[in-house]
Amino acid sequence: MSIDTEARPGRHTTTPPKKPSTLLRSTGDWARRAPLMPALVFMIIVTQLPFVVTIITSFMNWNAYYPDERSFAGVDNFRRVLTDANTRHAIWVTILLTAGVVLISLLLGLGIALLLDRKFRGRGAVRTMMITPFLVVPVAAALLWKHALYNPEYGLFNGVLKWIFGDNAPQPDWISNQPLWSVIFALVWQWTPFMMLIILAGLQSRPLDVIEAAGIDGASQWDIFRYMTLPHLRQYLELSALLGSIYVVQNFDAVFTITSGGLGTANLPYTIYQTFYTAHDYGRASAAGVIVVIGTIVIATFALRSVSTLFKEEGR
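Predicted, not measured: the structure shown is a model, and the values here were computed from it. (Residues numbered from 1 in each chain as written. Predicted model: local features only at pLDDT ≥ 70, side-chain atom pairs only at ≥ 80, totals over all residues. Heavy atoms only, no water.)

Student: Before we go on, may I ask you to explain the overall build of the chain in this structure?
Tutor: In terms of helices and strands, the chain carries 15 helices and two strands. Out of the 316 residues belonging to the chain, those deemed buried represent 33%. Total accessible area computed for the chain in this model is approximately 20,200 Å², and 66% of it derives from carbon and sulfur atoms. (Helix = DSSP H or I, 4+ residues; strand = E, 2+ residues; numbered from the N terminus. Buried < 20%, exposed > 50% of the residue type's maximum accessible area, 1.4 Å probe, protein only. Areas by Shrake-Rupley, 256 points an atom, 1.4 Å probe, with all protein chains shown as cover.)

Here is the structure:
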């Protein structure tokens, strides 16, 4: 005689009650997560709700100078952003600014990291001083470069030229002559320590026994760097470049403080600022902001992939 265990039509089946251990485990999980809920709600309110409002505004025809003409614009704001000559120039300046700062900072960071990886007296103090520029407030750093270094009358650069070549030394106006490079060098000074820290962490994770064995076998320092150190640092270099790009592409402080967006240095964040606060075109400014966020997300996706790959290799 067999027992039919399947549920027949019309027969009500009841789910078995949860085991006490399962209930205790789920209760304990919620007890650990509950203190984090206020912080999570706060972050959603502060970060996600404004972004949702920005997305909604980007599809609207909303200009404060014409308050009665507010309407749904569809993708017109995005089309205007991508076809406007000033915006296209701002996108190109953003690309040049980001690429220049990241590449120069990466090369300088690599060189400084290689020097600081060597043992010498006072290495800890030198490392601490090297990361100081990264800890300076961005606006303060931009003001420092604009007035203490670039100023044609009392700036340090022209003072050094006069000290070397005498009273007849050239006294160029650095910001007027090279406006974009002036912004790039100020950002390089601030972001080189960031690159240096990541690369230095990669140098300290090298298998030293393999490097010592290569030196004993007759490999030169250049061969060790080219065939062993550089391949090991590849992912650290990629991570530094990607993280630096995420932050530099959004830079506003240096452009606003040093050049005020003039002389062809207005990048996309500064153009968004002008569109929002000067032209009061909220719809177009929001559309440009959404484009910047999308570009940042694309870069961040590659950065997260590099981080996950790096963690997998470190865990082997």
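Student: So what exactly am I meant to see when it comes to the environment of Tyr65 here?
Tutor: Here Tyr65 lies in the loop between strand S1 (60-61) and strand S2 (71-72). The exposure class of Tyr65 is exposed, given its relative accessible area of 52%. Ignoring any residue separated from it by four or fewer positions in sequence, one finds Tyr65 in contact with Thr278, Ala279 and His280. Among the polar contacts made by the side chain of Tyr65, one reaches the main-chain carbonyl oxygen of Thr278 at a distance of 3.3 Å. (Contact = heavy atoms within 4.5 Å. Polar contact = N/O pair within 3.5 Å; in protein donor to acceptor, adjacent residues only side chain to side chain.)

Student: Even after reading the chapter, I still don't get the nonpolar core, so can you show me in this structure?
Tutor: One broad rule of soluble globular proteins: the nonpolar side chains tend to lie buried together. Leu97, Val101, Val183, Leu187, Ile199, Leu233 and Ile258 are the most contacted members of the largest nonpolar core, which totals 37 residues. Sorting the residues of this core by element identifies helix H4 (85-116), helix H7 (138-149), helix H10 (179-204), helix H12 (221-248) and helix H13 (253-259) as the ones contributing at least two each. Residues in contact with Ile199, not counting those within four places in the same chain, are Leu106, Gly109, Leu110, Ala113, Leu233, Leu237 and Ser240. (Core = buried A, V, L, I, M, F, W, Y, C linked by side-chain atoms within 4.5 Å.)

Student: Where do I start with H10 in this structure?
Tutor: Given 3.6 residues per turn, any residue in an α-helix points the same way as the ones three and four places further on. Under the 1.5 Å per step criterion, the end-to-end length of H10 is 38 Å for 26 residues, consistent within 8% with the ideal 38 Å. Most pronounced at Gln190, the bend in H10 amounts to some 35 degrees, and the proline Pro193 follows within four residues. (Expected span 1.5 Å × (residues − 1). Bend = angle between axes of the 7 residues up to and from the residue.)

Student: How should the packing of H10 against H12 be read in this particular structure?
Tutor: Two measures define how a pair of helices packs: the angle their axes make with one another and the distance between the axes. Where H10 contacts H12, the axes come no closer than 9 Å and their chain directions differ by 150 degrees. By the criterion of interaxial angle, the relationship of H10 to H12 is roughly antiparallel. Where H10 crosses over H12, the two elements pack in a sense that is right-handed. On H12, the residues touching Trp191, Phe194, Met195, Ile198, Ile199, Ala201, Gly202 and Leu203 of H10 are Thr229, His232, Leu233, Tyr236, Leu237, Leu239, Ser240, Ala241, Leu243, Gly244, Tyr247 and Val248. Its residues placed into classes, the contact of H10 with H12 shows 15 nonpolar, five polar and no charged. (Axes fitted to C-alpha atoms, helices over the stretch in contact; angles between N-to-C directions. Parallel < 35°, antiparallel > 145°, perpendicular 65-115°, else oblique. Left-handed = near helix turned anticlockwise from the far one by under 90°. Nonpolar A, V, L, I, M, F, W, Y, C, P; charged D, E, K, R; others polar.)

Student: Is there a simple way to explain unusual backbone geometry in this structure?
Tutor: Peptide bonds are, in most cases, trans, and in most cases residues other than glycine have a negative phi. Unlike most non-glycine residues, Ser260 shows phi in positive territory, near 55 degrees. Relative to the elements of secondary structure, Ser260 occurs in the loop between H13 and helix H14 (268-277).

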